Amino acid sequence: MPGRTHSREFKLEIVNQVENGQKTTAQLSREHHLSPSLIHRWRKEVEARGDAAFTDQTRPDQSLEQRIAELERFCGQLSLENTILKKSLSTYRSSRGTK
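Treat the numbers as computed from the prediction; the structure is a model and nothing was measured. (Residues numbered from 1 in each chain as written. Predicted model: local features only at pLDDT ≥ 70, side-chain atom pairs only at ≥ 80, totals over all residues. Heavy atoms only, no water.)

*Asks:* Even after reading the chapter, I still don't get the environment of I84, so can you show me in this structure?
*Replies:* Checked against the element boundaries, I84 lands in helix α4 (residues 62–96). C-alpha of I84 to C-alpha of V15: the two residues are 69 residues apart in sequence and 59 Å apart in space. (Helix = DSSP H or I, 4+ residues; strand = E, 2+ residues; numbered from the N terminus.)

Dropping the structure here:
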């Protein structure tokens, strides 16, 4: 049934029932009208992410945003320094008469 959304708790309960051997994937598929492949995806998600499974990842952590801003400032500073050094080197070479 396309378009349905399930809560994190529901997904974890389904995965736990399969993992604990309480019910098979086929039983849960029939019982809850779920695709077996969906249950397998949920199991892989729990296996890969553990307790963080099924949590919203769309909003990055505030500290990560701060770190990105810090790195962008640093990158800008390095770019400015690089430009200054290139101009200095160009001036030095032209004053010596070599290129």
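Next, the rest of the story.
*Asks:* Please explain the nonpolar core as it appears in this structure.
*Replies:* Side chains that are nonpolar tend, in soluble globular proteins, to be buried together. One finds L12, I14, V15, V18, L28, L34, L38, I39, W42, A53 and F54 forming the largest nonpolar core, which totals eleven residues. Broken down by secondary-structure element, the contributors of at least two residues to this core are α1 (8–19) and α3 (36–49). Take this core: its biggest share by element is four residues, from α1. Each residue touching L34, except ones within four places of it in the same chain, is listed here: R4, H6, F10, I14, S29, I39 and W42. (Core = buried A, V, L, I, M, F, W, Y, C linked by side-chain atoms within 4.5 Å. Buried < 20%, exposed > 50% of the residue type's maximum accessible area, 1.4 Å probe, protein only. Contact = heavy atoms within 4.5 Å.)

*Asks:* I keep staring at the packing of aromatic side chains and nothing clicks. Help me out?
*Replies:* Scanning all chains against the criterion turns up two aromatic pairs. Measuring from centroid to centroid gives 6.1 Å for F10 and W42, while their planes differ by 85°, and the two rings are edge-to-face. A residue pair is termed long-range when its members are at least 10 positions apart, and F10 in helix α1 and W42 in helix α3 qualify at 32 residues. The class for F10 is partly exposed, based on a relative accessible area of 23%. With a centroid separation of 6.5 Å and an interplanar angle of 80°, the aromatic rings of W42 and F54 are classed as edge-to-face. Here W42, found in helix α3, pairs with F54, found in the loop between α3 and α4; they are twelve residues apart in sequence, far enough to count as distant. Per residue, the accessibility class of W42 equals that of F54, and both read buried. Chaining the aromatic ring pairs together yields one cluster made of F10, W42 and F54. (Phe/Tyr/Trp six-rings, centres within 6.5 Å; stacked < 30°, edge-to-face > 60°.)

*Asks:* I would appreciate a short explanation of helix α2 (residues 25–32) in the present structure.
*Replies:* An α-helical turn contains 3.6 residues, so any two residues separated by three or four positions project in the same direction. For α2, the set of buried residues is T25, L28 and S29. For α2, the angular spread of the buried residues around the axis is 105°, confining them to a single face. Residues of α2 that are buried make contact with α1 and α3. Remark: H33 follows α2 within two positions and exhibits a positive phi of approximately 55°. (Arc of directions from axis to C-beta.)

*Asks:* Teacher, can you tell me more about unusual backbone geometry here?
*Replies:* Phi at H33 is positive, roughly 55°, even though this residue is not glycine. Assignment of secondary structure puts H33 in the loop between α2 and α3. Judged by its relative accessible area of 53%, H33 is exposed. In this model, F54 sits at a positive phi of 65°, which is unusual for a non-glycine residue.

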